[in-house]
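What the coordinates show
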Amino acid sequence: MTEATLVKRKNGFNGILEEVQEEIMKKPNQLFEIAITLNNRIPYNVGIKSLSFFQNEFFEIFNEYKLALSSEYRLLEKEKSFVYKLGLTSYGKLTISKDIETDMFITIGYISLNAKQSLELQKRTSIKRKYFIEECQKIRGQFINNNQQKLKDMLDFVYFTIYHMAPVLTYIDEYTYNNFYQSNNLIQVMGGKSTYFMLDELKTKDVIEWKDKEVVFIYLMYWLIKSGGPARGEEFNGVQLLPQTLNSFLDEKISIYQDALNISNGKVVHGIEQKSKYVSELRKQMQERYVFYRHINGLNLHKEERFVPKSLLGNNEDSDVDTTLQVLLLENYSLDLNAYPNVCNGFRDLIVSILNSKSIEEGIIHPLERVFQDIVDCAVKATNSDVGMTRGIRDINAFINANDNELFDQACSWEQSDYFTCVVPCSEIKQMFKGKEKILSGILKSIAARMQYNGWHYLPGNIPYDKIPVDRHFFFPPVMPDTTEWSNQHHKGHIHAGVKYAIRSPEKITYKGKEYISFTDLRLMRQKGTPFTHEEFLLSLKFSSYLKQYYQALIDVVSIENKDVKINSFDKKWYDEVYK
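**Brief notes about the overall build of the protein chain**
A tally of regular secondary structure across the protein chain gives 22 helices and 13 strands. The globule rule puts the C-alpha radius of gyration for 580 residues at 25 Å, and the 26 Å found for the protein chain is close to it. Along the first, second and third principal axes, the C-alpha set of the protein chain runs to 90 × 60 × 50 Å. Across the protein chain, contacts joining residues at least 24 apart in sequence account for 68% of those joining residues at least 6 apart. A total of about 26,600 Å² of accessible surface is found on the protein chain, and carbon and sulfur atoms cover 49% of it. Side chains of the protein chain carry 72 positive and 74 negative charges; the gap between the two charge centres is 4 Å.

In structure tokens:
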């Protein structure tokens, strides 16, 4: 790691696209493999699913006839042939055009087809599109005659879900649908340069006026999400959302879940709707035995569901605590967790002891706040991370009061500064910035501000939706942990911090029988080197469980003992004081 990599990513996504262009020039016969994987950064089995019908057939003909790639159009324009221009969009998707004047973000080159090859390309593409149109007509036929309201209800569901979830970026043949920053073309209020925001437009039209691809998008996205919750929609990021691809996806989920559950004679189901419902049913059974998590590729935002047996995780709530943390708690707080049946009980006694103590020295951080710092620091060391962080609500009493009295408007009105982020750099980073602590403080404050925004953005998702003010946007609180690679390409917060590899483990707390999803979390990051291993990921779950239990203990003590607790550290002034 160098200071430059911590402060600013080198070249960024444009640099990757330029590298892909250069690699294709060196290996033109492998241009499709290099382009759709961004030079082996995206798995081939994912990249190939991004291609449209035309692109798939072009790919096949390119290989079958061993066609050549030219870097200049002038070398081909005199030939009696059909010349196609190939390039990459600003978000890395392959594009092929017969219009040589088409403006492309990155131009790869030109390919010439003779009349026979061009005719064959058209015929093959027509066959694929004809089948797709027939499938579209079947789906449309379910609603046009007597079920138009059902499709409108599906639109409302999809609209609400996409408005409150992380980026969607999916394709239907040549069309791209996404809610991603300036490329957003789904919901106008989310911003973007589009002149047509599909979901908004559909709300103003009769179903009979909807285009086939719009009917199909709503239908497929609805049943995709129904099969596994809002996060399921992101599993089609960067790939084609088609009737055949969703059917195959659901078939694969049924097979994987049945194998994991040792079901030898499962239900025989047909059609997308019934398969979706069965996948949802199996997934609920899976949650009893497994912990789901996702692996995210930050280049195309594709998110792949994975799971690990709960038996591998052990019981993170018992007193079998990481040795380093165990020693630290004993040395700093005289807390021996071995003396307690579970971690939360030990933390409750520690909190009561600290609050009742009359000899706490005034310092830069209160002992209650330092526990957050200690747990994150141990997590950073155990997983060889560059930086770790956790977030939460500052005023515990305000949270309890808002919940006891159903002050939903008040909770939604809390500012981002009413949340905190405890960011802990590793010792190597501290050493790297020795004498330049002001720069380090600025970086940590930037990270903290982004995580505070996340806490602010997630909280309303735990409130009844009809009680949330109309103008208060929120994201569904994340339920699953995730691991990420190439996180420093599109995610604004990760771009600024240069986060290439990351782990996020959200945790819930319970108050008066109600669960508050993603109330806190543990995040770990690396800027370079190797991705986090599976073992390091499992370790992160253990440490996030400690944070959950510490926060749960704070809530319990404040509510039962009627104590006042507010986290005052971890604001801008605090980071400047600590790293000065």
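Okay, back to it.
**Structural notes on the sheet that holds strand E9 (residues 387-393)**
Where strands meet in a sheet, backbone hydrogen bonds hold them as pairs that are either parallel or antiparallel. Read from one edge of the open sheet, seven strands run E8-E7-E11-E12-E13-E9-E10, paired in mixed fashion. Since the sheet does not close on itself, it has two edges, and those belong to strand E8 (302-309) and strand E10 (419-425), each with one partner. Within the sheet, the average angular offset between the axes of one strand and its neighbour, ignoring direction, is 20°. The sheet contact formed by strand E7 (residues 290-297) and E8 spans eight bridges and is antiparallel. Residue pairing for E8: Val291 is matched across the bridge by Val308. Contacts from helix H19 (residues 437-458) reach E9, E10, strand E12 (501-511) and strand E13 (514-526) within the one sheet, and its direction differs from that of E10 by about 140°.

**Quick notes on the sheet that holds strand E4 (residues 106-113)**
Pairing in this open sheet of four strands is antiparallel, and the strands run E1-E4-E2-E3 from one edge to the other. Both outer strands of the open sheet, strand E1 (69-70) and strand E3 (94-97), are each paired with one neighbouring strand and no more. Examined bridge by bridge, strand E2 (residues 82-88) and E4 share seven bridges and lie antiparallel to one another. Of the residues in E4, the one forming a bridge with Gly87 is Thr107. Running at roughly 110° to E4, helix H6 (residues 115-144) makes contact with E2 and E4 of the sheet.

**With respect to the packing of aromatic side chains**
The geometry of an aromatic ring pair is captured by the separation of the ring centres together with the interplanar angle, meaning the angle of the planes. Under the defined criterion, the tally for this structure stands at 37 aromatic pairs. Seen in terms of ring centroids, Phe372 and Tyr550 are 5.0 Å apart; in terms of plane orientation they differ by 80°. Their pairing is edge-to-face. Of this pair, Phe372 sits in helix H15 (residues 367-382) while Tyr550 sits in helix H21 (residues 534-561), and the two are 178 residues apart along the sequence. Residue class for Phe372 comes out buried when judged on its relative accessible area of 1%.

**Observations regarding unusual backbone geometry**
A positive phi angle, close to 50°, is found at Ser518, a residue other than glycine. With respect to the secondary-structure elements, Ser518 resides in strand E13. Judged by its relative accessible area of 4%, Ser518 falls in the buried class.

**Comments concerning the confidence of the model for the protein chain**
Put simply, the protein chain has an average pLDDT of 91, and 93% of its residues get 70 or more. Here residues 1-10 scores under 50 on pLDDT; set against residues more than four positions off or in separate chains, the count is 25 contacts.

**Considerations on helix H11 (residues 271-289)**
Because each turn of an α-helix spans 3.6 residues, side chains separated by three or four positions in sequence point in the same direction. For H11, built from 19 residues, the straight-helix expectation of 27 Å at 1.5 Å per residue is met to within 8% by its first-to-last C-alpha distance of 28 Å. Along H11, the residues classified as buried are Ile272, Lys275, Ser276, Tyr278, Val279, Ser280, Leu282, Arg283 and Met286.

**So, empty space enclosed by the protein**
Inspection of every chain in the model, using the stated rule, returns three cavities of 30 Å³ or more. Contributing to the lining of the largest cavity are 15 residues, with Ile42, Gly92, Lys93, Tyr171 and Asn300 lying nearest its centre. Looking at the lining of the largest cavity residue by residue, the class counts come to nine nonpolar, five polar and one charged. Taken as a whole, the second largest cavity encloses approximately 60 Å³ of empty space. Lining the second largest cavity are Arg391, Ile393, Tyr419, Gly455, Tyr458, Leu459, Asn462, Ile517, Ser518 and Phe519. Sorting elements by how many residues they give to the lining of the second largest cavity places E13 first, with three residues. Across the lining of the second largest cavity, the residue classes break down as six nonpolar, three polar and one charged.

**Considering the packing of H15 against H21**
In helix packing, the relevant descriptors are the interaxial angle and the interaxial distance, both defined with respect to the helix axes. Taken N-terminus to C-terminus, the directions of H15 and H21 make an angle of 175°; their axes are 9 Å apart at the nearest point. Relative to H21, the element H15 is oriented roughly antiparallel. Contacts from Leu368, Val371, Phe372, Ile375, Val376, Cys378, Ala379 and Ala382 of H15 reach H21 at Leu539, Phe543, Tyr546, Leu547, Tyr550, Tyr551 and Leu554. When its residues are assigned to classes, the contact of H15 with H21 shows 15 nonpolar, no polar and no charged.

**Looking at the nonpolar core**
Ranked by internal contacts, the top residues of the largest apolar core, which has 176 residues, are Phe58, Ile162, Leu199, Phe217, Ile218 and Phe347. When residues in this core are grouped by element, the largest group, 13 residues, is from H21. When neighbours within four sequence positions are excluded, Leu199 is seen to be in contact with Leu155, Tyr159, Ile162, Leu186, Ile187, Phe217 and Ile218. Counting residues in each nonpolar core, the second largest holds five residues, with Leu169, Tyr171, Phe180 and Leu301 among its members.

**Remarks on the pattern of salt bridges**
Side chains that differ in charge, positive against negative, can pair when their charged atoms come close. Counted under the stated rule, the structure contains 31 salt bridges. Note that Arg306 and Glu304 form a salt bridge whose closest N and O atoms lie 3.0 Å from each other. For Arg306, a relative accessible area of 29% gives the class partly exposed. In this structure Glu304 comes out as partly exposed when scored by relative accessible area, which is 35%. With a shortest N-O distance of 3.1 Å, Asp521 and Arg523 are connected by a salt bridge. Neither Asp521 nor Arg523 differs from the other in exposure class; each is buried. Residues joined by salt bridges that share partners form a network here, namely Glu57, Glu64, Glu120, Arg124 and Lys128.

**With respect to the side chain of Asn184**
Residue placement: Asn184 occurs in the loop between strand E6 (175-178) and helix H8 (198-203). A polar contact is formed between the side chain of Asn184 and the backbone oxygen of Ile187, at a distance of 2.7 Å. Of the polar contacts made by the side chain of Asn184, one reaches the backbone oxygen of Gly191; its length is 2.4 Å.

**A short note on the side chain of Ser569**
Of note, Ser569 is situated in the loop between H21 and helix H22 (572-578). In contact with Ser569, not counting residues within four places along its chain, are Ile364, Ile365, His366, Glu369, Arg394, Phe420 and Trp574.

**Observations concerning the environment of Tyr44**
Mapped onto the elements, Tyr44 comes out in helix H4 (residues 44-47). Spatially, the C-alpha atom of Tyr44 lies 22 Å from that of Tyr177, the residues being 133 residues apart in sequence. The contacts of Tyr44, once residues within four sequence positions are left out, are Glu33, Ile36, Thr37 and Phe59.

What counts, and at which threshold
Note on numbering: residues in each chain are counted from 1, in written sequence order. Local features are withheld for residues below a pLDDT of 70 in this predicted model, meaning they are given only at 70 or higher, and side-chain atom pairs are given and counted only at 80 or more; totals for whole chains, interfaces and linings count all residues. Side-chain metrics in this entry use all non-hydrogen atoms of the structure; hydrogen atoms and water are not considered. Counting from the N terminus, the helices are DSSP H or I runs at least four residues long and the strands are E runs at least two residues long. Within these notes, the globule rule equals 2.2 Å times the number of residues to the 0.38 power, and the radius of gyration is based on C-alpha atoms. Contacts were defined at the residue level, with two residues in contact if any of their heavy atoms lie within 4.5 Å. All accessibility values rest on the Shrake-Rupley procedure with a 1.4 Å probe; residue burial counts only the protein chains present in the view. In summary, the charge assignment counts Lys and Arg as positive and Asp and Glu as negative, without counting His or the chain termini. One atom stands in for each charge, and that atom is NZ of Lys, CZ of Arg, CG of Asp or CD of Glu. Two strands are counted as paired when DSSP detects at least two bridges linking them. The axes used here are C-alpha line fits, helices contributing only the stretch in contact, and every angle between their N-to-C directions lies in the interval 0 to 180 degrees. Working definition: rings of Phe, Tyr and Trp (its six-membered ring) pair if their centres are within 6.5 Å, and the pair is stacked with planes under 30 degrees apart, edge-to-face with planes over 60 apart, and tilted otherwise. For the exposure calls, accessible area comes from a 1.4 Å probe over protein chains only, and a residue counts as buried if that area is under 20% of its type's maximum, exposed if over 50%, partly exposed in between. The predictor attaches a confidence to each residue, called pLDDT, with possible values from 0 through 100. Between the first and last residue of a helix there are one fewer steps than residues, each counted as 1.5 Å, and that sum is the expected span. Of the grid points, spaced at 1 Å and generated over the protein atoms alone, those admitting a 1.4 Å probe that cannot get out make up cavities, while open sets with protein on both sides within 12 Å along at least five of seven lines make up pockets; any residue with an atom within 4 Å of a point is treated as lining. Grid points are joined across faces, edges and corners, and a volume is the space filled by probe spheres set on the points. Residues are grouped as follows: Ala, Val, Leu, Ile, Met, Phe, Trp, Tyr, Cys and Pro are nonpolar; Asp, Glu, Lys and Arg are charged; all remaining types, including Gly, are polar. Any angle between 65 and 115 degrees counts as roughly perpendicular, while under 35 counts as roughly parallel, over 145 as roughly antiparallel, and the rest as oblique. Nonpolar core, defined: a set of buried Ala, Val, Leu, Ile, Met, Phe, Trp, Tyr and Cys residues in which side-chain atoms within 4.5 Å join the residues together. Salt-bridge detection follows one rule: a side-chain nitrogen of Lys or Arg within 4 Å of a carboxyl oxygen of Asp or Glu. Here a polar contact means two N or O atoms within 3.5 Å. Within protein one must be a hydrogen donor candidate and the other an acceptor candidate, and residues neighboring in sequence count only if both atoms are side-chain atoms.

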